[in-house]
Amino acid sequence: MDRSLNELTSTIRQTAAFVATMKAEISRVVVGQTHMIDCAMIAMLTGGHILLEGVPGLAKTLLCNTIAKVVDCQFKRIQFTPDLLPADLVGSLAYRQDNGTFYAKKGPIFANLVLADEINRAPAKVQSALLEAMQEKQVTIGDETYLLPRPFLVVATQNPIDQEGTYPLPEAQVDRFMLKVIVDYPTLDEEKIILNRMTSPVQTVINPVTTASHMITAATHVESIYIDERVQNYIVNLVFATRKPEMFGLSGIKRCIARGASPRATLSLASAAKALAFMDMRAFVTPDDIQKIAFDVLQHRIALTYEAEADNITPVDIIETILKKMDVP
């Protein structure tokens, strides 16, 4: 095992060499927001999808556009509105007048990186069409089924403040997002950098540092990263504690949880931790990897009781309590 782990470590170090360069290139445009950048890269490396929640103007769109340029892949932005139709997203059959036949006119979902801007402004049918494409990685137009390009990453955004005219995502659909990231305001120093950079007459030119095919290769190496059985048990226990907290001496939070995380959370936690290890050029997952990404994987998968909401208890509070109580291998 030690020999094979050493060989895997050597392979990971060679394959993951682009990560530091990619982060540096993105940071030339996106100031701060390191956690959002890391989470976007995790999603890209694992084939997951990410939900960004934050007020407008926090570089969510800029990040997606920059990643597409750095990876040299196709980027499409879809502004979700109440009058959007599923066909506007996935495409439809169009009539060809010259020969009287129909052909598939593909929609903007056919891109490597898709930004679903303000996803909660579109009605349920459109949300469902997007989330089906995310899950199946394919789209049916007419009688034909078309595979989506690889890598395929959906970055959805929603504004947590303005709720008028919105259609909140049902819990079952939110669960399909691997990560939910709360995007906060920049610091004072970061905002000064943003001001200087954006008011400068010199425009920053983004250089591609990797390719879509290299990202696919990297994703296969992420899957091969080793997770020890003790770390696997740690992952399962964390997720299970959101369902049966009393089993782990956490009876105090049982009244706060209406519904715990699904088995999809267990898989997402393991995959995200593997991606973190890859980005750190390690061939194995540590408990620290689990703790770093636990909030982003679990917070949107825990449904609170009315009692918890009345006491201003959040999913983040529950996850913090579980992490503090759980024995670390």
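Because the structure is predicted, anything quoted here is derived from the model rather than measured.

Trainee: Looking at this structure, I do not really get the overall build of the protein chain. What am I missing?
Mentor: Looking only at helices and strands, one finds 14 helices and eleven strands in the protein chain. Taking 329 residues into account, the globule formula puts the C-alpha radius of gyration at 20 Å, and the protein chain, at 21 Å, falls close to it. Summarising its shape, the C-alpha atoms of the protein chain cover approximately 70 × 50 × 45 Å along the three principal directions. Considering the protein chain as a whole, with its 329 residues, one finds that 50% of them fall into the buried category. Pairs at least 24 apart in sequence give 78% of the contacts found in the protein chain among residues at least 6 apart. In the form shown here, the protein chain has an accessible surface area of approximately 16,400 Å², with 52% of it arising from carbon and sulfur atoms. Looking at charge distribution, the protein chain has the averaged site of its 32 positive side-chain charges lying 3 Å from that of its 37 negative ones.

Trainee: Help me understand the pattern of salt bridges, please; the structure alone is not making it clear to me.
Mentor: Close approach of charged atoms lets side chains of opposite charge pair. Taken as a whole and assessed by the stated rule, the structure comprises 14 salt bridges. The partner of Glu-25 in a salt bridge is Arg-28, and the shortest N-O contact between them spans 2.5 Å. For Arg-77, the salt bridge goes to Asp-117, with nearest N and O atoms at 2.9 Å. Linking Arg-77 in strand S2 (residues 75-79) with Asp-117 in strand S5 (residues 113-117), this pair joins segments that are 40 residues apart in sequence. By relative accessible area, Asp-117 is classed as buried at 10%. Taken together, the salt bridges that share partners define one network made up of Asp-175, Arg-264 and Arg-301.

Trainee: So what exactly am I meant to see when it comes to helix H9 (residues 212-223) here?
Mentor: Residues lying three or four places apart along an α-helix face the same way, a consequence of the helix completing one turn every 3.6 residues. A rise of 1.5 Å per residue sets the reference length of H9, with its twelve residues, at 16 Å; its end C-alpha atoms lie 17 Å apart and thus fit the reference within 8%. Of all the positions in H9, only Ala-212, Met-215, Ala-218, Ala-219, His-221 and Val-222 are classed as buried. The buried side chains of H9 occupy one side of the element, clustering within an arc of 165° when seen end-on.

Trainee: Please clarify how the side chain of Thr-266 should be interpreted in this entry.
Mentor: Among the secondary structure elements, Thr-266 is positioned in helix H11 (residues 263-279). Excluding residues that lie within four positions of it along the chain, Thr-266 makes contacts with Ile-235, Val-236, Val-239 and Arg-243.

Trainee: Help me out: how do you make sense of the packing of aromatic side chains in this one?
Mentor: Ring pairs (aromatic) are described by centroid distance and by the angle formed between their planes. The tally for this structure, following the rule as stated, stands at one aromatic pair. Seen from the ring of Tyr-103, Arg-96 lies directly overhead, with NZ or CZ sitting 4.4 Å from the centre. For Lys-106, the ring lying beneath its charged end belongs to Phe-110, and the centroid distance is 5.0 Å.

Trainee: Explain the sheet that holds strand S8 (residues 153-158) to me, please; I cannot follow it from the model alone.
Mentor: Through backbone hydrogen bonds, the strands of a sheet pair up, either in parallel or in antiparallel fashion. Strands sit in the order S2-S5-S8-S1-S9 across an open sheet of five strands; the sheet is parallel. Pairing within the sheet leaves two strands with one partner each, and these edge strands are S2 and strand S9 (179-182). If you compare each strand with its neighbour and ignore which way they point, the axes differ by 20° on average. Pairing of strand S1 (residues 50-53) with S8 involves four bridges; the strand directions are parallel. Counterpart to Leu-51 in the pairing with S8 is Ala-156. Across the sheet, helix H4 (residues 60-71) is in contact with S1, S2, S5 and S8; its angle to S5 comes to roughly 170°.

Trainee: What is the right way to read the packing of helix H3 (residues 34-46) against H4 from this model?
Mentor: Each packed pair of helices is defined by two parameters, the angle between the axes and the distance between the axes. Running from amino to carboxyl end, H3 crosses H4 at an angle of 50°, the nearest separation of the two axes being 11 Å. Here H3 lies oblique to H4, going by the angle between them. As H3 packs across H4, the resulting crossing turns out to be right-handed. Each of Met-36, Ile-37, Ala-40 and Met-44 in H3 lies in contact with H4, whose residues at this interface are Lys-60, Leu-63, Ile-67 and Val-71. Here the residues of the contact of H3 with H4 are counted per class, giving seven nonpolar, no polar and one charged.

Trainee: Explain helix H2 (residues 18-27) to me, please; I cannot follow it from the model alone.
Mentor: Regarding H2, the residues found buried are Phe-18, Val-19, Met-22, Glu-25 and Ile-26. The arc that holds the buried residues of H2, viewed along the axis, is 130°, so those residues lie on one side.

Trainee: How should I be thinking about the side chain of Thr-305 in this particular structure?
Mentor: Examined against the element boundaries, Thr-305 turns out to sit in the loop between strand S11 (303-304) and helix H13 (306-310). On the accessibility criterion, Thr-305 (17% relative accessible area) is buried. There is a polar contact of 2.7 Å between the side chain of Thr-305 and the backbone oxygen of Arg-255. Contacts of Thr-305, omitting those with residues within four sequence positions, involve Arg-255, Cys-256, Ile-257 and Ala-258.

What counts as what
- Residues numbered from 1 in each chain as written.
- Predicted model: local features only at pLDDT ≥ 70, side-chain atom pairs only at ≥ 80, totals over all residues.
- Heavy atoms only, no water.
- Helix = DSSP H or I, 4+ residues; strand = E, 2+ residues; numbered from the N terminus.
- Rg over C-alpha atoms; globule rule 2.2 N^0.38 Å.
- Buried < 20%, exposed > 50% of the residue type's maximum accessible area, 1.4 Å probe, protein only.
- Contact = heavy atoms within 4.5 Å.
- Areas by Shrake-Rupley, 256 points an atom, 1.4 Å probe, with all protein chains shown as cover.
- Lys, Arg positive; Asp, Glu negative; His and termini not counted.
- Charge placed at Lys NZ, Arg CZ, Asp CG, Glu CD.
- Salt bridge = Lys/Arg side-chain N within 4 Å of Asp/Glu carboxyl O.
- Expected span 1.5 Å × (residues − 1).
- Arc of directions from axis to C-beta.
- Phe/Tyr/Trp six-rings, centres within 6.5 Å; stacked < 30°, edge-to-face > 60°.
- Lys NZ or Arg CZ within 6 Å of the ring centre and 35° of its normal.
- Pairing = 2+ DSSP bridges.
- Axes fitted to C-alpha atoms, helices over the stretch in contact; angles between N-to-C directions.
- Parallel < 35°, antiparallel > 145°, perpendicular 65-115°, else oblique.
- Left-handed = near helix turned anticlockwise from the far one by under 90°.
- Nonpolar A, V, L, I, M, F, W, Y, C, P; charged D, E, K, R; others polar.
- Polar contact = N/O pair within 3.5 Å; in protein donor to acceptor, adjacent residues only side chain to side chain.

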